[in-house]
Amino acid sequence: MVKIKQKAYKYIYGPVPSWRLGSSLGIDLLSQQTKICTFDCIYCQLGITKTYSNKRVVYVHVDEVLRELKSLPTSLPIDFITFSGRGEPTLASNLGIAVKALKALRSESIAIITNSSIMDRASVQEDLSLADFVIAKLDAFSDETFKTMNRPADTVRFKNVVKGLHKFRKNYNGKFALQIMFTEENKGNAEQIASLAREIAPDEIQLNTPLRPCSTPPLSEEELLNIKTLFAGCTVISVYESNKIHVDPLSDTDTLRRRGKM
């Protein structure tokens, strides 16, 4: 097992919250002691959001990321380099610069996991368009369910989230997925969420329920399978159907923290 000393940012070699990424090298461009986010989702494995932000700033310089990437063994079997981490990755204003730099350094495909909160901004769409695979969150269909599930910052509006998803989908040439988290709080609105997802028309829909430790219990496999039937005609898979693979993490501590076990 390979270990890397961590400083201002984190790398995780192992599965990330998508069953389609395989072995992923995770990069956190925020990398603070506490998460920095536009949401305080009820199911977040990182706990409550103490630092709300909707401003894009530089938290970690790209040169630092490149320096550590260059220290990795070239033989690591990486399927994707994935931007995610302890908060919303699009809050890093140098996200696009980092994607370009990584594409020049390594051959792996680039994925970005976003909560969609500031996706209506032109600068965010421009950065996301550089990735090969974008996985965007959609847990609601109305302001009410949005506030219940995602508990957004005051400046984030659901109508702008939907507007950003539609616009990005229309212009993006890479692979685009919607990742939807279902819990007891929004399962009764699954049909409306499915209808909205069809309008956005992603390449695939990923149905989730909280299987990692958090304060919100998961739905059963049967419940999620019933919800899946509402997405008939779409390319869709549930987390219970994912083919999980075993990989050794580069950083045990960071992996455990990401999974809500520390």
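Notes on the structure in this doc start here.

About the thresholds
Residues numbered from 1 in each chain as written. Predicted model: local features only at pLDDT ≥ 70, side-chain atom pairs only at ≥ 80, totals over all residues. Heavy atoms only, no water. Helix = DSSP H or I, 4+ residues; strand = E, 2+ residues; numbered from the N terminus. Buried < 20%, exposed > 50% of the residue type's maximum accessible area, 1.4 Å probe, protein only. Contact = heavy atoms within 4.5 Å. Areas by Shrake-Rupley, 256 points an atom, 1.4 Å probe, with all protein chains shown as cover. Core = buried A, V, L, I, M, F, W, Y, C linked by side-chain atoms within 4.5 Å. Patch = residues over 30% accessible without salt bridge, like charges linked within 9 Å, V, L, I, M, F, W, Y side chains within 5 Å. Salt bridge = Lys/Arg side-chain N within 4 Å of Asp/Glu carboxyl O. Lys, Arg positive; Asp, Glu negative; His and termini not counted. Charge placed at Lys NZ, Arg CZ, Asp CG, Glu CD. Polar contact = N/O pair within 3.5 Å; in protein donor to acceptor, adjacent residues only side chain to side chain. Pairing = 2+ DSSP bridges. Right-handed = clockwise from strand over helix to strand, strands pointing away.

### A look at the overall build of the protein
Argument step 1. From N to C terminus, the protein includes 8 helices and 10 strands.
Argument step 2. Within the span of the protein, comprising 262 residues, buried residues form 55% of the whole.
Argument step 3. Long-range contacts, defined here as pairs at least 24 residues apart, represent 76% of the contacts in the protein between residues at least 6 apart.
Argument step 4. Put simply, the protein shows about 12000 Å² of open surface, and 50% of that area lies on carbon and sulfur atoms.

### Re the nonpolar core
Argument step 1. If you look at the biggest cluster of nonpolar residues, it comprises 67 residues, and the most contacted ones within it are Phe-83, Phe-176, Phe-182 and Phe-231.
Argument step 2. Per-element tally for this core: the top contributor is helix H6 (residues 190-200), with 6 residues.
Argument step 3. The contacts of Phe-231, once residues within four sequence positions are left out, are Ile-180, Phe-182, Ala-190, Ala-194, Ala-197, Arg-198, Ile-205, Leu-207 and Val-236.
Argument step 4. Of all hydrophobic cores here, the second largest spans 6 residues; its members include Phe-80, Ala-111, Phe-133 and Ile-135.

### Things to note about a positive patch on the surface
Argument step 1. On the surface, Lys-147, Arg-157, Lys-159, Lys-163 and Lys-167 cluster together to form a positively charged patch.
Argument step 2. The element contributing the most residues to the positive patch is helix H5 (residues 158-171), with 3 residues.
Argument step 3. Along the chain, the position of Lys-159 falls in helix H5.
Argument step 4. Lys-159 sits in the exposed class, given a relative accessible area of 63%.

### What to know about the side chain of Thr-49
Argument step 1. Turning to its location among the elements, Thr-49 is positioned in the loop between strand S3 (36-37) and strand S4 (51-52).
Argument step 2. On the accessibility criterion, Thr-49 (9% relative accessible area) is buried.
Argument step 3. A polar contact is formed between the side chain of Thr-49 and the side chain of Lys-35, at a distance of 3.0 Å.
Argument step 4. When near neighbours in sequence (up to four residues on either side) are disregarded, Thr-49 contacts Lys-35, Cys-37, Phe-39 and Asp-40.

### As for the pairing of strand S8 (residues 175-181)
Working note: regular strand, side chains alternate between the two faces of the sheet.
Argument step 1. The buried fraction of S8 is high, at 6 of 7 residues.
Argument step 2. Of the strand pairs in this sheet, strand S7 (residues 133-137) and S8 are connected by 5 bridges, and their pairing is parallel. Along S8, the bridge assignment pairs Lys-137 with Gln-179.
Argument step 3. Here 5 bridges tie S8 to strand S9 (residues 204-208), and the two strands are oriented parallel to one another. Among the inter-strand pairings, Ile-180 is bridged to a residue of S9, identified as Leu-207.
Argument step 4. Taken together, S8, H6 and S9 constitute a β-α-β crossover, and its handedness is right-handed.

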